[in-house]
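Secondary and tertiary structure notes
Residues per chain, in single letters:
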Number of protein chains: 2
Amino acid sequence: MAEPSRALDPQGQDVGLPQPYLLFLGDTVEPGYAKTAFGLCDWAPDRCIGELALPGATVSTGIPRLSCREAYAKGARALLIGVATPGGAIPHHWISALLDALKAGLDIVSGMHARLNDIPQLAATAEMLGRRLIDVRVPPARIPIATGRKRCGKRLLTVGTDCALGKKYAALSIARGLEGRGADVTFRATGQTGIMIAGSGIPIDAVVSDFIAGAAEMLTPDAPPDHIDVIEGQGSLFHPAYAAVSLGLLHGSQPDMFVACHEPGRTHVLGYSGFQLPSIEELILQTVVLGKLTNPDIRCVGVSLNTSGMNVEAAQRLIAAESDRLGLPVADPVRGGPAFERLLDRCQG
Amino acid sequence: MAEPSRALDPQGQDVGLPQPYLLFLGDTVEPGYAKTAFGLCDWAPDRCIGELALPGATVSTGIPRLSCREAYAKGARALLIGVATPGGAIPHHWISALLDALKAGLDIVSGMHARLNDIPQLAATAEMLGRRLIDVRVPPARIPIATGRKRCGKRLLTVGTDCALGKKYAALSIARGLEGRGADVTFRATGQTGIMIAGSGIPIDAVVSDFIAGAAEMLTPDAPPDHIDVIEGQGSLFHPAYAAVSLGLLHGSQPDMFVACHEPGRTHVLGYSGFQLPSIEELILQTVVLGKLTNPDIRCVGVSLNTSGMNVEAAQRLIAAESDRLGLPVADPVRGGPAFERLLDRCQG
């Protein structure tokens, strides 16, 4: 992640985001709503010039508070909406701050449900000033149908027993760990927060279904033989609503390697109490069986456990026991340590 | 198929097509471009009031030639574009005929790539007159995320070793065959031609990937316990570009039964010479393994072979041999006969 990852659409247009960012916190008083801003400060601090909050906000990321003009002068090129709102709407009382950003020279980047371009005042001002309003939930135009052609370079995909249990953090940690070892690595983002962190990517679950695998091919193009794309996984092959997203991403990614992600203690699909999670072994087997279609050499290089709900000792015991049981490197990438180094060894093996 | 199948969106809005149809043939001279019109006459003759062709057309479906006004007087409620064009565009010299249809009281139904609503003259006239321009490639708005909840009624899905080898014709034939036996059956269309034949449906491959399974749930709602939805399959679980579509459709359909469709002699994925087709047994196994997620009782009730490229004797020999080999009913539904009746027996067993 030494340089921003970039994805090019088939016409060669750069679909990367304008950056670095001024993080917009609105008038948020609940840290849970600012996960995007915190994620960016954690994973892409070099792309975060400062933060901007409205009167009444109590949340802060701890980086300098700047006006839009100050941020632009320091190099910022986009105001990034770093908070969510209940319902995903853009509140009316944010608009004047967003207009100020456009006037100060900044584009606006949003991952909210509501689209920036659907707000007439913003759309008109952006057009007049030549600024961009970028909704990262909107996939690029002209995604091709997948070809299935084997591409050059290595690819690693994170897959999971469920949604929302650490596939993005595992991929980011692995990309950073490999980069720290001097490997030629690109993190490939497939969800909105990942895209903001990476500076580019494709929101794979927003792609029309005929084009999912094609979008994954577009996201991870040919690369030098030793280059590793570390691809953020989505959904789960065992999810009653989202398995199709996971399969299209698996087929188009053509991963040589995958890391199976799980949260210890989670027994059922989040929000679907009638659906038991698969075991880690079932996840590995299914991923190999289905992934072989586009890459016969696919293999599991390790298991990522999200142990954020456990104390250090319990986490270490579990990691060691699971590694013995499965015969694979097992680690919590966010905790790091020797177990994670063994997982990285396997990625380079 | 005694009455038009209907699909309701979550708000209870009927997403069925206006019908019966006046089939529009344009100025087509190549029968291959009129497959939609021929398919409608074959499968939904009661919904085809007449045909309309422009000067120069040499193709005819054999049903009465009517003007738009005559067709409306006989009950037609939509002009249906029954021909394709190279590139999928709507030629400029068709427009005045389409405007005439709107003025005569007809809506317009199209499955072409170009959208009716993108032609300003048509859009303006339709709005002025209160007519609908219906592009069947456009899925309904407000498709819900799949719930995975088991629905009442029986469901049968056709699945295939590849695209374009008879899944739609198999589903239509099975629906008609079961209806002929007095069963309570609805054909559920998932592609544009199927939607025109059925009078409603959802173009599943045009649905945003997060919503594929949800679209399939919406398409095949709760029904009486003995009712059978016969669902048109799409793509193939073994297709490097479209497997995600097939998986989402499988999960959302929750089929109790499936029919495995194959074209004898086809060895590779159409247009993907690097990808061998699976065997019929592999297709059956994969469908059961993956389908079990949302319906643990899924079972294969037979195999449909598209023997259109073979003579009668060769087809019968192959059908008998495959039935012996697989221990399942095997038939070419389009040819019918005792083998097909055995397949229908199994669907009702």
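Preceding this paragraph is the structure being described.
Here is a short report on the structure shown in this document. Treat the numbers as computed from the prediction; the structure is a model and nothing was measured.

**Side note on the overall build of chain A**
Counting secondary structure elements, chain A contains 11 helices and 13 strands. Taken over the C-alpha trace, chain A has a radius of gyration of 20 Å; the compact-globule value for 349 residues is 20 Å, and the two agree within 12%. Dimensions of chain A, computed from the C-alpha atoms along their principal axes, are close to 60 × 45 × 45 Å. Put simply, of all contacts in chain A between residues at least 6 apart along the chain, 76% involve residues at least 24 apart.

**Description of the interface of chain A and chain B**
With 32 residues of chain A in contact, the opposing surface of chain B contributes 32 residues. Counting the surface lost from both chain A and chain B, the interface buries some 2,500 Å², and carbon and sulfur atoms represent 61% of this. Along the contact surface separating chain A from chain B lie 0 salt bridges. Taken together, the elements giving at least two residues each to the side of chain A that touches chain B come down to α7 (212-219), α8 (243-253), β11 (272-276) and α9 (280-291) of chain A. Looking at the side of chain A that touches chain B, the element that brings in the most residues is α8(A), giving 6 residues. A class-by-class count of the residues in the side of chain A that touches chain B yields 22 nonpolar, 8 polar and 2 charged.

**Things to note about the side chain of T287(A)**
All names here are of chain A. Within the secondary structure, T287 sits in helix α9. T287 sits in the buried class, given a relative accessible area of 0%. A polar contact is formed between the side chain of T287 and the backbone oxygen of L283, at a distance of 2.7 Å. Those residues in contact with T287, other than ones at most four positions away along the chain, are V159, L237, L250, F258 and I298.

**A closer look at helix α1 (residues 35-43) of chain B**
Every α-helix carries 3.6 residues per turn, so stepping three or four residues along brings you back to the same face. Every buried residue of α1(B) is accounted for by T36(B), A37(B), G39(B), L40(B), C41(B) and W43(B). Where α1(B) is buried, its residues touch β1 (21-26), β2 (48-53), β3 (78-81), α5 (167-180) and α6 (192-198) of chain B.

**Topic: the state of the cysteines**
Residues and elements named next belong to chain A. Here the structure, examined in full by the defined rule, presents 0 disulfides over all chains. Of all cysteine sulfurs, the one in C41 lies closest to C48, which takes part in no disulfide; the gap is 4.6 Å. Look at C48 and you get buried, because its relative accessible area is 10%.

**Examining the packing of aromatic side chains**
Residue and element names in this part refer to chain A. Following the criterion strictly, the structure yields 6 aromatic pairs over all chains and no others. Seen in terms of ring centroids, F24 and W94 are 5.1 Å apart; in terms of plane orientation they differ by 85°. Their pairing is edge-to-face. Placement of the pair is F24 in strand β1 (residues 21-24) and W94 in the loop between β3 (78-81) and α3 (95-103), with a sequence separation of 70 residues. Classification of F24 as buried rests on a relative accessible area of 0%. When its relative accessible area of 1% is taken as the criterion, W94 is described as buried. Ring centres 6.3 Å apart and planes at 75° place the aromatic pair Y272 and F275 in the edge-to-face group. In this arrangement the basic side chain of R77 is found over the ring face of Y72, its NZ or CZ atom lying 4.0 Å from the centre.

**A few points about unusual backbone geometry**
Among all residues save glycine, negative phi is the norm, and among peptide bonds the norm is trans. Following Q19(A), the chain continues to P20(A) via a peptide bond in cis, the omega torsion being 5°. Relative to the assigned elements, P20(A) resides in the segment before β1. Here Q254(B), not a glycine, exhibits a phi torsion of approximately 50°, which is positive. Take Q254(B): it is sitting in the loop between α8 (243-253) and β9 (257-262).

**What to know about the layout of surface pockets**
A volume near 550 Å³ is recorded for the second largest pocket. Looking at the second largest pocket, it is lined by 21 residues, and the ones nearest its centre are Q286(A), V289(A), L290(A), F238(B) and Q286(B). When contributions to the lining of the second largest pocket are tallied by element, the ones reaching two or more residues are α9 of chain A together with α9 (280-291) of chain B. Here the element with the most residues in the lining of the second largest pocket is α9(A); it accounts for 5 residues. Here the residues of the lining of the second largest pocket are counted per class, giving 13 nonpolar, 5 polar and 3 charged.

**Some points on the sheet that holds strand β4 (residues 107-110) of chain B**
Residue and element names in this part refer to chain B. As summarised here, the arrangement of the 5 strands in space is β2-β1-β3-β4-β5, forming an open sheet in which the pairing is parallel. Each edge of the sheet is formed by a strand with only one pairing partner; in this case those strands are β2 and β5 (133-135). Adjacent strand axes in the sheet meet at a mean angle of 25° when their direction is disregarded. Here β1 runs beside β3; their pairing, made up of 4 bridges, is parallel. Each residue of the ladder has a partner; that of L23, found in β3, is L80. Packed on one face of the sheet, helix α3 (residues 95-103) meets β1, β3, β4 and β5 and runs near 155° to β3.

**A few points about the sheet that holds strand β9 (residues 257-262) of chain A**
Residues and elements named next belong to chain A. Spatially, the 6 strands line up as an open sheet ordered β7-β8-β6-β9-β12-β13, and their pairing is parallel. Of all strands in the sheet, those with a lone pairing partner are β7 (185-188) and β13 (330-331), marking the two edges. Of the pairings in the sheet, the one linking β9 to strand β12 (residues 299-305) comprises 6 bridges and is parallel in character. Within β12, the residue paired with A260 across the bridge is V303. The strands that α8 touches are β6 (154-160) and β8 (228-231); relative to β6, the one it contacts most, it runs at about 165°. Running at roughly 160° to β12, helix α11 (residues 338-348) makes contact with β6, β8, β9, β12 and β13 of the sheet.

Reading the values: the criteria
Residues numbered from 1 in each chain as written. Chains lettered and ligands numbered in written order. Predicted model: local features only at pLDDT ≥ 70, side-chain atom pairs only at ≥ 80, totals over all residues. Heavy atoms only, no water. Helix = DSSP H or I, 4+ residues; strand = E, 2+ residues; numbered from the N terminus. Rg over C-alpha atoms; globule rule 2.2 N^0.38 Å. Contact = heavy atoms within 4.5 Å. Buried area = accessible area lost by both parts, 1.4 Å probe. Salt bridge = Lys/Arg side-chain N within 4 Å of Asp/Glu carboxyl O. Nonpolar A, V, L, I, M, F, W, Y, C, P; charged D, E, K, R; others polar. Buried < 20%, exposed > 50% of the residue type's maximum accessible area, 1.4 Å probe, protein only. Polar contact = N/O pair within 3.5 Å; in protein donor to acceptor, adjacent residues only side chain to side chain. Disulfide = S-S within 2.5 Å. Phe/Tyr/Trp six-rings, centres within 6.5 Å; stacked < 30°, edge-to-face > 60°. Lys NZ or Arg CZ within 6 Å of the ring centre and 35° of its normal. 1 Å grid on protein atoms, 1.4 Å probe; cavity = no way out; pocket = protein on both sides within 12 Å on 5 of 7 lines; lining within 4 Å. Points joined across faces, edges and corners; volume = space filled by probe spheres on them. Pairing = 2+ DSSP bridges. Axes fitted to C-alpha atoms, helices over the stretch in contact; angles between N-to-C directions.

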